[in-house]
Amino acid sequence: MAQLPGILRSLAWDHTGPPAVVDRLDDAMPAITTVPMATPVLALLEGSPHTGPWTLRWTSAGHPPPLLLTQDGQERYLEAGQGLLLGTPPGTGGGSRPNATEPLPPGSTLLLCTDGLIEVPGSDLDTGLARLRRHALALAHEPLDTLCDQLPARMPPGSTDDVALLALRLPSP
């Protein structure tokens, strides 16, 4: 699994746009790795670093969807870019991966996490996503370091998978 991030970085440097890069990684996996399946998300944040407007472009290969929390207390999963796992047999997916684009409001927080944060044995994925949404919304106005420390602590124990959390907060106007 450790081989994939380096290959993905190389492909991203060589190509433009998230879906094409992830499709190329899917094509390359059986030839240059021993990884049978993987669930990456590749996202690109576009916009002026300090003033915006900001746009997120992404594609996902079976990865949990990004969670967007806005300053006014709204939250939603960004599910438009969801595609099949890398390594899914040819002909199963029906073409290129989906590409999604979403304008991000000033002051919003974007959360990306691995499935280890939301999957707990004996519980379904929808329950884990709802739990993450509820706890993230309760912590949305906290500083990012507090949110990132407390969010995993609020999730139930029992996951046997690794946990990674990436949080990004856009400047307010």
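The shown structure was predicted, so the numbers you read here are calculated from the model rather than taken from an experiment. The residue numbering used here restarts from 1 in each chain and proceeds along that chain's sequence as written. Where totals are concerned, whole chains, interfaces and linings use all residues; where local detail is concerned, this predicted model gives features only for residues with pLDDT of at least 70, and gives and counts side-chain atom pairs only at 80 or more. Hydrogens are left out, water is left out, and the side-chain values use all remaining heavy atoms of the structure.

Caption draft 1: Broad picture of the overall build of the protein chain. From N to C terminus, the protein chain includes four helices and eight strands. Starting at the N terminus and ending at the C terminus, the protein chain contains elements arranged as α-α-β-β-β-β-β-β-β-α-α-β. Taken over C-alpha atoms, the radius of gyration comes to 17 Å for the protein chain, in line with the 16 Å a tight globule of 173 residues would show. Seen through its C-alpha atoms, the protein chain measures out along the principal axes to roughly 45 × 45 × 25 Å. Long-range pairs, those at least 24 residues apart, make up 60% of the contacts in the protein chain between residues at least 6 apart in sequence. To measure how exposed things are, a 1.4 Å probe is used in the Shrake-Rupley method; for residues, cover is taken only from the protein chains shown. Within the structure as shown, the protein chain displays about 9,300 Å² of accessible surface, and the carbon and sulfur contribution to it stands at 57%. A run of H or I in DSSP counts as a helix once it spans at least four residues, and a run of E counts as a strand once it spans at least two, with each numbered from the N terminus. Our radius of gyration looks at C-alpha atoms and nothing else; its globule reference is 2.2 Å times the residue count to the power 0.38. Only heavy atoms enter the contact rule, under which two residues are in contact if any of them lie within 4.5 Å.

Caption draft 2: Structural context of the nonpolar core. Of all hydrophobic cores here, the largest spans 16 residues; its most connected members are Leu-67, Leu-111, Leu-132 and Leu-151. For this core, the secondary-structure elements that each account for two or more residues are strand S3 (67-69), strand S7 (109-113), helix H3 (125-138) and helix H4 (144-154). By residue number, the principal contributor to this core is H3, which donates three residues. Apart from the residues lying within four places of it in its own chain, the contact partners of Leu-67 are Glu-75, Arg-76, Tyr-77, Thr-109, Leu-110, Leu-111, Leu-132, Arg-133 and Ala-136. If you look at the next biggest cluster of nonpolar residues, it comprises 13 residues, including Ile-7, Leu-11, Val-21 and Leu-86. What makes a nonpolar core is a set of buried Ala, Val, Leu, Ile, Met, Phe, Trp, Tyr and Cys residues whose side-chain atoms join them at distances within 4.5 Å. Working definition: with a 1.4 Å probe on protein chains only, accessible area under 20% of the residue-type maximum means buried, over 50% means exposed, and in between means partly exposed.

Caption draft 3: Structural context of H3. The span one expects for a helix is its residue count, reduced by one, times 1.5 Å. Taking 1.5 Å per residue as the helical rise, H3 with its 14 residues ought to reach 20 Å, and the 20 Å between its terminal C-alpha atoms agrees with that figure. By the burial criterion, the buried members of H3 are Gly-128, Leu-129, Arg-131, Leu-132, His-135 and Ala-136. All buried residues of H3 project into a common sector of 160 degrees when viewed along the axis, lining one side. Exposed and oriented more than 90 degrees from the buried face of H3 are Asp-126, Arg-134 and Ala-138. For the purposes of these results, a polar contact is taken to be a pair of N or O atoms within 3.5 Å, where, inside protein, one atom must be able to donate a hydrogen and its partner to accept one; residues adjacent in sequence count only when each atom of the pair is a side-chain atom. Two to three positions downstream of the cap, the backbone nitrogen of Asp-126 sits 3.2 Å from a side-chain oxygen, assigning the N-cap of H3 to Asp-124. For this quantity, the arc is that covered by the directions from the helix axis to the C-beta atoms.

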